[in-house]
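# Structural description and commentary
Letter by letter, the chains look like this.
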Amino acid sequence: VHGNYPAMAAALDDAGRRGADGYLLVGDYYADLPWPNEVAEAMRALPGLIAVRGNKEGYLIALSGQDQATWTDEQSAALYWNYRELTDDNREYLMALPEEASFRVQGVDVRAFHRSSRLFSGTCLSQLRSSAYATRMAAAPFGHGEYLQFVARLTEGDRALRDRLDALPPAVYVFGHSHLQWHARVGDSLLINPGACGLPLDSDQRAPYAMLELAGGRATVTEHRVAYDTRGAADALRASALYRASPIWCEVLIEELTGATEVVSGFLRLADRVARREGSERRPFEDRIWRMAFDAWRAG
């Protein structure tokens, strides 16, 4: 969700009208748009919610043991703002989420976690990254149906993935992290990435989510996209206290949000090149390096 409450609300409304009676969320609920408390409170109100934490929630845990007087670097200012903006109850709620969840419904086992690498490191799933997607799209534009066909061929042909799944119980495996919506059947298992509701990076601004139907020992999945006011969300971010705390990060995120394509990783690579050129080894980046990188990025 990445703090994008308008996108979340649109997806939840659509899912509710389609008859959803339970909700499974797989991490990264705050950080990039200015509604962390609204997202957390919406989560806590959902009936039948199962939620796991993502790497963003891991940052909360790491920050909780730090001296806030040291929180001065501009690169991490958005994380610091979110940590302070979250109410104590909402922050504790997000930090207490488990890393993984397993459950059984209608004779179907479901296992949920944030990163596919938790179970499938060393397999073809490492190729299904937003940066790789952007490179393929730039080289030869394609539609979502074509991407699903590509994923099907990739997963079916990967011996390492099939061996990994053969060693695991047949199940529905649900994960996120890549910001790309896809699903694939591999042997007796179903792999689902529902996409990043609040920050999709597959060239489609609409909020993605997936509906999973479990009945009679069988699982079926349908993918959905929901239009919402993306430009309004970007304008609200520019007018927010989060933007005032971290304008460079927010500008990069606005480009990513409105273009629905990978931008952050390219910006961070640019910052790394600037740092090496300037002889700076500090990470997080020095503020001067961060600002120099932004000037270079904005100049194109």
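Below is a short write-up of the structure. The structure presented is a predicted model; accordingly, all values stated were derived computationally and were not measured.

### Observations regarding the overall build of the chain
- Helix and strand counts for the chain come out as 14 helices and 9 strands.
- In terms of overall size, the chain behaves like a compact globule, its C-alpha atoms giving a radius of gyration of 19 Å where 300 residues would be expected to give roughly 19 Å.
- Taken over the C-alpha atoms alone, the chain extends approximately 60 × 45 × 35 Å along its principal axes.
- The burial tally for the chain puts 51% of its 300 residues in the buried class.
- Pairs at least 24 residues apart make up 65% of the contacts formed inside the chain by residues separated by at least 6 positions.

### So, the pattern of salt bridges
- For the structure on display, the rule yields 22 salt bridges.
- For arginine 238, the salt bridge goes to glutamate 251, with nearest N and O atoms at 2.9 Å. Of this pair, arginine 238 sits in helix α10 (residues 230-238) while glutamate 251 sits in helix α12 (residues 247-259), placing them 13 residues apart in sequence.
- Connected via shared salt-bridge partners are Asp13, Asp14, Arg17 and Arg18.

### With respect to the sheet that holds strand β5 (residues 172-174)
- Across the sheet, which stays open at both edges, the 5 strands sit in the order β3-β4-β5-β7-β6 with mixed pairing between neighbours. A strand with exactly one partner marks an edge of an open sheet, and here the two such strands are β3 (100-105) and β6 (181-186). On average, adjacent strands in this sheet sit at an angle of 15 degrees to one another, irrespective of strand direction.
- Note: strand β4 (residues 108-113) against β5, 3 bridges, orientation parallel.

### Observations concerning the pairing of β3
- The pairing of β3 with β4 spans 6 bridges and is antiparallel. Looking at the pairing, alanine 101 lines up with alanine 112 of β4.
- Between β3 and β4, which pair antiparallel and follow one another directly, the connecting turn spans 2 residues, one of which, glutamine 106, has a positive phi of 50 degrees.

### Quick notes on the nonpolar core
- Core analysis: the biggest nonpolar cluster contains 61 residues, and Tyr29 and Met43 have the highest contact counts within it.
- When residues of this core are assigned to their parent elements, the largest contribution, 7 residues, is made by α12.
- Leave out the neighbours within four places in its chain, and methionine 43 touches Met8, Leu25, Tyr29, Leu49, Ala51, Tyr93, Leu94 and Leu97.
- The next biggest cluster of nonpolar side chains, apart from the first, holds 25 residues, and it includes Phe113, Leu154, Ala171 and Trp182.

### Structural notes on the packing of helix α2 (residues 36-45) against helix α5 (residues 88-95)
- The geometry of α2 relative to α5 is characterised by a closest axis approach of 10 Å and an angle of 65 degrees between their N-to-C directions. The way α2 lies across α5 gives a crossing that is left-handed. Along the contact surface, α2 presents Asn37, Ala40, Glu41, Met43 and Arg44, while α5 presents Asp89, Asn90, Tyr93 and Leu94.
- Partitioning the contact of α2 with α5 into residue classes produces 4 nonpolar, 2 polar and 3 charged.

### As for the environment of asparagine 55
- One can find asparagine 55 in helix α3 (residues 55-63).
- Exposure remark for asparagine 55: the relative accessible area of 15% places this residue in the buried category.
- The spacing of asparagine 55 and serine 121 is 66 residues in sequence and 16 Å in space, taken between C-alpha atoms.
- In this view, asparagine 55 contacts Asp28, His114, Arg115 and His177; residues no more than four positions away in its chain are not counted.

### Some points on the packing of aromatic side chains
- Following the criterion strictly, the structure yields 16 aromatic pairs and no others.
- Relative to tyrosine 147, the ring of tyrosine 133 has its centre 4.8 Å away and its plane inclined at 70 degrees; by these criteria the two rings are edge-to-face. Placement of the pair is tyrosine 133 in helix α7 (residues 130-139) and tyrosine 147 in helix α8 (residues 144-156), with a sequence separation of 14 residues.
- A residue is classified by how much of its surface remains accessible, and tyrosine 133, at 4% relative accessible area, is buried.
- A centroid spacing of 6.4 Å and a plane angle of 15 degrees characterise the contact between tryptophan 249 and tryptophan 290, whose relative ring orientation is stacked. On the criterion of sequence distance, the pair formed by tryptophan 249 in helix α12 and tryptophan 290 in helix α14 (residues 287-299) is long-range, its members being 41 residues apart. Judged on exposure class, the residue tryptophan 249 and its partner tryptophan 290 are both buried.
- In textbook terms, an aromatic cluster arises when at least three aromatic residues are bridged by ring pairs, as seen for Trp249, Phe267, Phe285, Trp290, Phe294 and Trp297.

### What to know about unusual backbone geometry
- Along the chain, arginine 283 connects to proline 284 via a cis peptide bond; the corresponding omega equals 0 degrees.
- Assignment of secondary structure puts proline 284 in the loop between α13 (264-277) and α14.
- Despite not being glycine, aspartate 28 has its phi angle at roughly 65 degrees, a positive value.
- On the secondary structure map, aspartate 28 appears in the loop between β1 (23-25) and α2.
- Residue aspartate 28 is classed as buried on the basis of its relative accessible area, which comes to 2%.
- In the Ramachandran plot, histidine 179 falls in the positive-phi region, its phi being about 65 degrees despite a non-glycine side chain.
- Position of histidine 179 among the secondary structure elements: in the loop between β5 and β6.

Definitions and cut-offs
- Residues numbered from 1 in each chain as written.
- Predicted model: local features only at pLDDT ≥ 70, side-chain atom pairs only at ≥ 80, totals over all residues.
- Heavy atoms only, no water.
- Helix = DSSP H or I, 4+ residues; strand = E, 2+ residues; numbered from the N terminus.
- Rg over C-alpha atoms; globule rule 2.2 N^0.38 Å.
- Buried < 20%, exposed > 50% of the residue type's maximum accessible area, 1.4 Å probe, protein only.
- Contact = heavy atoms within 4.5 Å.
- Salt bridge = Lys/Arg side-chain N within 4 Å of Asp/Glu carboxyl O.
- Pairing = 2+ DSSP bridges.
- Axes fitted to C-alpha atoms, helices over the stretch in contact; angles between N-to-C directions.
- Core = buried A, V, L, I, M, F, W, Y, C linked by side-chain atoms within 4.5 Å.
- Left-handed = near helix turned anticlockwise from the far one by under 90°.
- Nonpolar A, V, L, I, M, F, W, Y, C, P; charged D, E, K, R; others polar.
- Phe/Tyr/Trp six-rings, centres within 6.5 Å; stacked < 30°, edge-to-face > 60°.

On their own, these measurements won't tell you what the molecule is for.
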